[in-house]
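Here are the chains, one letter per residue:
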Amino acid sequence: VYKRQESARVTEFRRFIARRHDTDLNSYHDLYQWSVDCPSLFWQGVWDFCGIIGQGPCDPVVTDLERMPGSRWFPRARLNFAENLLRGDDGHAALVFRGEEGRTASLTMGDLRSRSTRLAASLASDGVGPGDRVAGFLPNLPEAVIAMLAAARLGAVWSSCSPDFGVQGVLDRFGQIEPKVLVTADGYLYGGKELDSLEVAGQLMESLPTLQRTVVVPFLKENPDVPAGAVLWGEYLADPTADVPPFQRMPFDHPLYIMFSSGTTGLPKCMVHSAGGTLLQHLKEHQLHCDLGPEDRLFYFTTCGWMMWNWLVSALASEATVMLFDGHPLRPGPTLWDYADQEKITVFGTSAKYLAACDKKGLAPGRSHDLSRLRC
């Protein structure tokens, strides 16, 4: 335990802060209290320690700190969320995908950078720019991450729903944000069944008047029949020789994501998350709370309709490998534990409900699988 504490990133951060400010921080509790007493210095320290890519002065760190709402963080700084996630060596494993039926895919950082750049070029040619909304109605596929990064590169705003939402559930959300582009899949797999998404996508195209483009990712079929006016993913991607759109560095509080409440009390409520706030908070959680780094492979069992998807993909900014899964977690067997064992996952996230289901089935993954690499 002592060795892990000494080598942990939060310990390195504590020493970094102590040196920078010539102060005694001899324990985690000292660091915690200092962060409460000196919030501006703390967040400036997180920015520098995590190596955020941006421009402009970081002073002041915050204005009107006591106002809620009303305070503004890093008001003179500019950054791009995608630029910070698309860092690292071209050959480093960026994304690994597995479906319930055993389908696999993987992308290096070079692959991810290239494909998101090509999609960004296509979006830009369709007039997508800062503040425009790009919506995803997708399984938890690599294409969902690629589309988010392409939108963020241009300063556009990403919002996503998982494909198990019905037409009205999607319209209750996307109807409020007026998306310019919709990215969908032809369908998805769950519990051994193939479920079509194109009928819903066609109805969305008819019901969202602001849509200028619908892009279909082939998942169930190699060449699905797409709704009239839609285009297949491979046809939409710009040629690799197309002009590369620059990373649009926007103000720290520029919107990045629109997420939604559950909709149990009326329409789902839109919640806008800023690029800078999301990046800084997730870097802090990943590196200081989860001790995440380039040697790690992070998994969280989530769909694209839950905020944990957004949290998961931010791990790219810490140069970790993001592990994606889509489908039923217990079909045909202990699927997620197979994934953790075979792909050498180091950080594993799931719900209490899933663990209870495993217990009910009498699973004992600690005995049946090699989970020795899991830290948490």
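Residues numbered from 1 in each chain as written. Predicted model: local features only at pLDDT ≥ 70, side-chain atom pairs only at ≥ 80, totals over all residues. Heavy atoms only, no water.

**Some points on the sheet that holds strand β1 (residues 54-55)**
Part 1 of the argument: Spatially, β1-β4-β14 is the arrangement adopted by the three strands of the open sheet, whose pairing is antiparallel. The open sheet has two free edges, formed respectively by β1 and β14 (250-251), since each of these has just one partner strand.
Part 2 of the argument: Inspection of the sheet shows β1 paired to strand β4 (residues 78-79) by two bridges, in the antiparallel sense. The residue bridging Q55 from the neighbouring strand is R78, located in β4. (Pairing = 2+ DSSP bridges. Helix = DSSP H or I, 4+ residues; strand = E, 2+ residues; numbered from the N terminus.)

**Topic: the environment of L154**
Part 1 of the argument: Here L154 is to be found in the loop between α7 (142-153) and β8 (157-161).
Part 2 of the argument: A relative accessible area of 6% means that L154 is categorised as buried.
Part 3 of the argument: In the structure, L154 is positioned 124 residues away from T278 in sequence and 17 Å away in space, judged by C-alpha atoms.
Part 4 of the argument: Those residues in contact with L154 that lie beyond four places of it in its chain are A120, L123, A124, V128, G129, P130, P245 and Q248. (Buried < 20%, exposed > 50% of the residue type's maximum accessible area, 1.4 Å probe, protein only. Contact = heavy atoms within 4.5 Å.)

**Here's the deal with the pairing of strand β9 (residues 181-185)**
Part 1 of the argument: In terms of burial, β9 is a largely internal element, five of the five residues being buried.
Part 2 of the argument: Every second residue of β9 is oriented toward a common face, with V181, V183 and A185 on one face and L182 and T184 on the other, all of them buried.
Part 3 of the argument: With four bridges connecting them, strand β7 (residues 133-137) and β9 associate as parallel partners. Across the sheet, residue A135 finds its bridge partner in β9, namely L182.
Part 4 of the argument: In this sheet, strand β12 (residues 213-217) lies alongside β9 in parallel orientation, the contact comprising five bridges. Following the sheet pairing, T184 is matched in β12 by V216.

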